[in-house]
Amino acid sequence: MSSQAAAWCYRGGSISAEPRINDRIRVPEVRLVGPSGEQVGIVPLAKALELAQEYDLDLVEVAANARPPVCKLMDYGKFKYESAMKAREARKNQAHTVIKEMKLRPKIDPHDYDTKKGHVVRFLKQGDKVKITIMFRGREQSRPELGYRLLQRLAEDVQDLGFVESNPKQDGRNMIMVLGPHKKKTEAMAEAREAQAARKAERQALQPGRTQQPAAGEALAEDAPAEEAQVEEAPVAETPAEAPAEA
């Protein structure tokens with residue numbers, strides 16, 4: 001095959017990832033599988049297409065390289081939709097290995113250390129690895145034990161969430177250690193989704209309480225006109241008493 005023909009095949013749509021269905025199947029006979037997975041056997045293509053019309057289904061070639069090709073009776077549109085949803089769910093639950101990085105100085109301030117440690121804790125809870133880098137400057141390079149003790153301290157502080165995957169080692173002016181999480185990324189993602197669902201349920205549970213407050217206000221508004229009516233009736237009762245005085 002020439003290079004132009006090969007390029008045309010890769011560009012040209014003659015090579016399709018989708019299976020052949022119905023009239024696109026060009027073989028004299030097929031090994032037919034029924035709608036429920038039952039084996040019908042080897043039948044002529046015309047008979048298979050006739051059965052597909054009878055069941056109001058599609059004839060789908062599921063194993064083109066078999067001899068004869070294997071075809072199944074199914075609702076191809078529904079099959080494609082379900083396959084797309086499964087692929088989407090698989091991508092959603094797919095765990096991507098992420099390595100976060102946190103940089104520290106050998107003589108770090110206690111407050112800064114707590115802040116950096118908080119970030120490391122958050123990363124480990126999310127199921128991510130953390131690369132800890134101690135940066136030495138000037139004369140600090142002659143005191144590598146300072147960085148080693150700092151890395152050991154950090155590893156001990158987060159040992160409930162992670163473990164030392166790569167022991168501290170010198171890399172030029174830096175010292176590097178890698179922490180790995182105890183939880184897998186998929187487990188951390190599942191827990192995060194559960195926590196999000198729980199928070200959403202709590203917000204929804206509070207909605208009925210909020211809707212009842214206007215109802216109470218409406219009740220007060222209904223009572224207000226009754227009080228006003230009593231105030232308006234008071235002058236009417238005083239009018240007959242004033243009439244004899246004028247006479």
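Everything that follows concerns the structure shown earlier in this document.
Now for a quick tour of the structure.

The rules behind the values
- Residues numbered from 1 in each chain as written.
- Predicted model: local features only at pLDDT ≥ 70, side-chain atom pairs only at ≥ 80, totals over all residues.
- Heavy atoms only, no water.
- Helix = DSSP H or I, 4+ residues; strand = E, 2+ residues; numbered from the N terminus.
- Buried < 20%, exposed > 50% of the residue type's maximum accessible area, 1.4 Å probe, protein only.
- Contact = heavy atoms within 4.5 Å.
- Areas by Shrake-Rupley, 256 points an atom, 1.4 Å probe, with all protein chains shown as cover.
- Axes fitted to C-alpha atoms, helices over the stretch in contact; angles between N-to-C directions.
- Parallel < 35°, antiparallel > 145°, perpendicular 65-115°, else oblique.
- Left-handed = near helix turned anticlockwise from the far one by under 90°.
- Nonpolar A, V, L, I, M, F, W, Y, C, P; charged D, E, K, R; others polar.
- Core = buried A, V, L, I, M, F, W, Y, C linked by side-chain atoms within 4.5 Å.
- Pairing = 2+ DSSP bridges.
- Expected span 1.5 Å × (residues − 1).
- Arc of directions from axis to C-beta.
- Polar contact = N/O pair within 3.5 Å; in protein donor to acceptor, adjacent residues only side chain to side chain.

### Side note on the overall build of the chain
And step 1. Looking only at helices and strands, the chain has six helices and eight strands in total.
And step 2. Each helix and strand of the chain, ordered N terminal to C terminal, gives the series α-β-β-α-β-β-α-β-α-β-α-β-β-α.
And step 3. Every one of the 247 residues in the chain was classed for burial, and the buried ones make up 23%.
And step 4. Here the analysis covers contacts within the chain between residues at least 6 apart in sequence; of these, 55% occur between residues at least 24 apart.
And step 5. Carbon and sulfur atoms make up 51% of the accessible area of the chain, which totals about 17,800 Å².

### Side note on the packing of helix α4 (residues 110-125) against helix α5 (residues 144-157)
And step 1. Put simply, α4 and α5 touch, their axes get as near as 11 Å, and they point 50° apart. Taken together, the axes of α4 and α5 lie oblique to each other. α5 is crossed by α4, and the crossing has right-handed handedness. Only Leu150, Arg153, Leu154 and Asp157 of α5 make contact with α4, whose side of the interface consists of Tyr113, Lys117 and Val120.
And step 2. Counted by class, the contact of α4 with α5 contains four nonpolar, no polar and three charged residues.

### A closer look at the nonpolar core
And step 1. Judged by nonpolar contacts, the single largest core of 19 residues is most densely connected at Met102, Leu104, Val120, Val130, Ile132, Ile134 and Leu179.
And step 2. Every element with two or more residues in this core is listed here: β5 (99-104), α4, β6 (129-135), α5 and β8 (174-181).
And step 3. Non-local contacts of Val120, meaning those with residues more than four positions away in its chain, are made with Met102, Val130, Ile132, Leu154, Val158 and Leu179.
And step 4. Counting residues in each nonpolar core, the second largest holds twelve residues, with Val27, Leu32, Leu51 and Leu59 among its members.

### A few points about the sheet that holds strand β7 (residues 162-171)
And step 1. Pairing is mixed in the open sheet, where four strands are placed in the order β5-β6-β8-β7. In this open sheet, the two edge strands, each paired with only one partner strand, are β5 and β7. The sheet shows a mean angle of 20° between the axes of neighbouring strands, taken without regard to direction.
And step 2. Where β7 meets β8, seven bridges bridge the pair, whose relative direction is antiparallel. Bridge pairing in β8 places Asp171 opposite Asn174.
And step 3. Where α4 meets the sheet, it contacts β5, β6, β7 and β8, and its direction lies at approximately 170° from that of β5.

### With respect to α4
And step 1. Here α4 is 16 residues long and its end C-alpha atoms lie 22 Å apart, about the 22 Å a rise of 1.5 Å per residue gives.
And step 2. For α4, the complete set of buried residues consists of Tyr113, Val120, Phe123 and Leu124. Along the long axis of α4, the arc covered by the buried residues comes to 95°, so they all point the same way. Exposed side of α4, more than 90 degrees from the buried face: His111 and Lys125 are the residues found there.
And step 3. In this fold, the buried residues of α4 make contact with β5, β6, α5, β7 and β8.
And step 4. The N-terminus of α4 is capped by Asp109, whose side-chain oxygen sits 2.9 Å from the backbone nitrogen of His111.
And step 5. In the stretch just after α4, Gly127 is the one whose phi turns positive, near 85°.

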